[in-house]
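# Chain and residue survey
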Amino acid sequence: MTTFIQLHLLTAYPASNLNRDDTGAPKTVTLGGTTRLRISSQSLKRAWRTSALFEDALAGHIGIRSGRIGREAADIMTANGIDDKKAVEWGTAIAACFGKPKTEKKKEDPFLLTETEQLAHISPAEFEAVKALALKLATEKRAPDAEELTLLRQDRMAVDIALFGRMLASSPAFNVEAACQVAHAFGVGETLVEDDFFTAVDDLRAKSDDAGAGHLGETGFGAALFYTYICIDRDLLLKNLHGDEALTDKTLRALVETALKVSPSGKQNSFASRAYASWALAEKGTDQPRSLAAAYYNAINGSDQLSVAVDRITALRENMNRVYGQQTDSESFNVADAQGSMAEVLDFVCA
């Protein structure tokens, strides 16, 4: 039986624009007939996997997402005496291991050919193999052979690839199924997106010259209590990490702590809207996982959103367990009531 770990979070963000759409406005979703603020799962995962907390906990095990892997190899070769033409040719061959190289050639930057059309997610060991091969080719002044271009390896796994998966269209044998699913976070109550009109003053402009602002602008923002749902297939994570129990537990602990503490970076310099989760529920068991988003289909209005949100999601979970006969164990904390602790939740997840 597969063991699933589910994490339900309620996090209150003040005025913020953590995740923007193509117009620069905060992302939204219509739920239960009302507009809610939304943070995409891609934004959340990016914030978590690049955070100092995650990187400190899992140093040496975090992958790299880039379309410039072949270009990095080409730069190493040129720095070691290989002419640009050969470096581009050999770097493009290396890039093809990870994706489709770009075909657009520009005279001012021929090294664009060493970049791939899509971002490739590779492990630290795979990246080290790329750099080692580039240095070897430069030293021996020759092109790579077919055997040397097998730079991808099933046994070279990064924790973020194990968690969030990898898709390489050109090398499907090295695709990795994600062990962690992250829902888009959404506000539990209706939110109206507002515009912040701002000005900037030119410090060197004298009042006698012009009393007006040096710059005018506006940016959208909103505030909400967000519900976030995360589901982790522990058995698949362990499989992706080649049966390394210690690294699996370390990864789980780092991911959960990061999800509790780390905010997306959008517009943080303007709003400083950093927040820890105010309430968290971790569940673990072999039952088919399910979100508890239905607790918030009817928007929560009023001044006591957090306590109402906790009451609703707790009641829904109890009803789900009763109706479906579910037996998931759980651990939780509630900051408002000083109940439970993060340490207890982390220990539960990794037990």
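## What to know about the overall build of the protein chain
Scanning the protein chain for helices and strands turns up 11 helices and 11 strands. Its C-alpha atoms put the protein chain at 75 × 70 × 35 Å along the principal axes. Of all 351 residues assigned to the protein chain, the portion counted as buried reaches 48%. Put simply, of all contacts in the protein chain between residues at least 6 apart along the chain, 71% involve residues at least 24 apart. Within the structure as shown, the protein chain displays about 17600 Å² of accessible surface, and the carbon and sulfur contribution to it stands at 49%.

## Topic: the pattern of salt bridges
Tallied over the entire structure, the rule returns 16 salt bridges. Between Glu 245 and Arg 234 there is a salt bridge, with its nearest N and O atoms 2.9 Å apart. In this pair, Glu 245 sits in helix H8 (residues 245–261) while Arg 234 sits in helix H7 (residues 234–240), placing the two residues 11 residues apart along the sequence. On the basis of relative accessibility, which here comes to 41%, the residue Glu 245 falls in the partly exposed class. Residue class for Arg 234 comes out buried when judged on its relative accessible area of 12%. Across the pair Arg 253 and Asp 347 runs a salt bridge whose closest N-O atoms are separated by 2.7 Å. Note that Arg 253 is positioned in helix H8 and Asp 347 in helix H11 (residues 342–350), a separation of 94 residues in sequence. A relative accessible area of 43% places Asp 347 in the partly exposed class. One network of salt bridges, with partners in common, ties together Arg 68, Arg 71, Lys 102, Asp 109 and Glu 115.

## Topic: the pairing of strand S3 (residues 34–39)
For strand S2 (residues 28–31) and S3, the ladder comprises four bridges, and the chain directions are antiparallel. In the sheet register, Val 29 faces S3, and the bridge partner there is Arg 36. Connecting the antiparallel pair S2 and S3 is a turn made up of two residues, with Gly 32 showing a positive phi of about 60°.

## Looking at a negative patch on the surface
On the surface, Glu 194, Asp 195, Asp 196 and Glu 218 cluster together to form a negatively charged patch. The dominant element in the negative patch, judged by the number of residues it contributes, is strand S8 (residues 194–200), at three residues. Inspection of the secondary structure puts Glu 218 in strand S9 (residues 215–233).

## Re the packing of helix H3 (residues 69–79) against helix H4 (residues 84–95)
At their nearest, the axes of H3 and H4 sit 8 Å apart, and the two run at 150° to each other. Here H3 runs over H4; the crossing is right-handed. Contact with H3, carried on its side by Gly 70, Ala 73, Ala 74, Met 77 and Thr 78, involves Asp 84, Ala 87, Trp 90, Gly 91, Ile 94 and Ala 95 of H4 and no other residues of that element.

## Details of the environment of Ala 343
The residue Ala 343 is located in helix H11 in this model. Judged by relative accessible area, Ala 343 falls into the partly exposed class, the value being 43%. Distance from Ala 343 to Ser 170, taken between C-alpha atoms, is 43 Å for residues 173 residues apart in sequence.

## A look at the packing of aromatic side chains
To describe a pair of aromatic rings, you give the distance between the ring centres and the angle between the ring planes. Applying the stated criterion to the full structure yields four aromatic pairs. A ring pair is formed by Phe 186 and Tyr 227, whose centres lie 5.8 Å apart and whose planes are at 70°; its orientation type is edge-to-face. Placement of Phe 186 in strand S7 (residues 185–187) and of Tyr 227 in strand S9 is noted, with a sequence separation of 41 residues between them. Note on accessibility: Phe 186 and Tyr 227 belong to one class, buried. With a centroid separation of 5.6 Å and an interplanar angle of 55°, the aromatic rings of Tyr 227 and Tyr 296 are classed as tilted. Taken together, the residues span a long stretch of sequence, with Tyr 227 in strand S9 and Tyr 296 in the loop between strand S10 (279–285) and helix H10 (305–324) at a distance of 69 residues. Through a chain of ring-to-ring contacts, three or more aromatic side chains come together here, namely Phe 186, Tyr 227 and Tyr 296. Lying across the ring of Phe 348, Lys 284 places its NZ or CZ 4.9 Å from the centre.

Calculation criteria
Residues numbered from 1 in each chain as written. Predicted model: local features only at pLDDT ≥ 70, side-chain atom pairs only at ≥ 80, totals over all residues. Heavy atoms only, no water. Helix = DSSP H or I, 4+ residues; strand = E, 2+ residues; numbered from the N terminus. Buried < 20%, exposed > 50% of the residue type's maximum accessible area, 1.4 Å probe, protein only. Contact = heavy atoms within 4.5 Å. Areas by Shrake-Rupley, 256 points an atom, 1.4 Å probe, with all protein chains shown as cover. Salt bridge = Lys/Arg side-chain N within 4 Å of Asp/Glu carboxyl O. Pairing = 2+ DSSP bridges. Patch = residues over 30% accessible without salt bridge, like charges linked within 9 Å, V, L, I, M, F, W, Y side chains within 5 Å. Lys, Arg positive; Asp, Glu negative; His and termini not counted. Charge placed at Lys NZ, Arg CZ, Asp CG, Glu CD. Axes fitted to C-alpha atoms, helices over the stretch in contact; angles between N-to-C directions. Left-handed = near helix turned anticlockwise from the far one by under 90°. Phe/Tyr/Trp six-rings, centres within 6.5 Å; stacked < 30°, edge-to-face > 60°. Lys NZ or Arg CZ within 6 Å of the ring centre and 35° of its normal.

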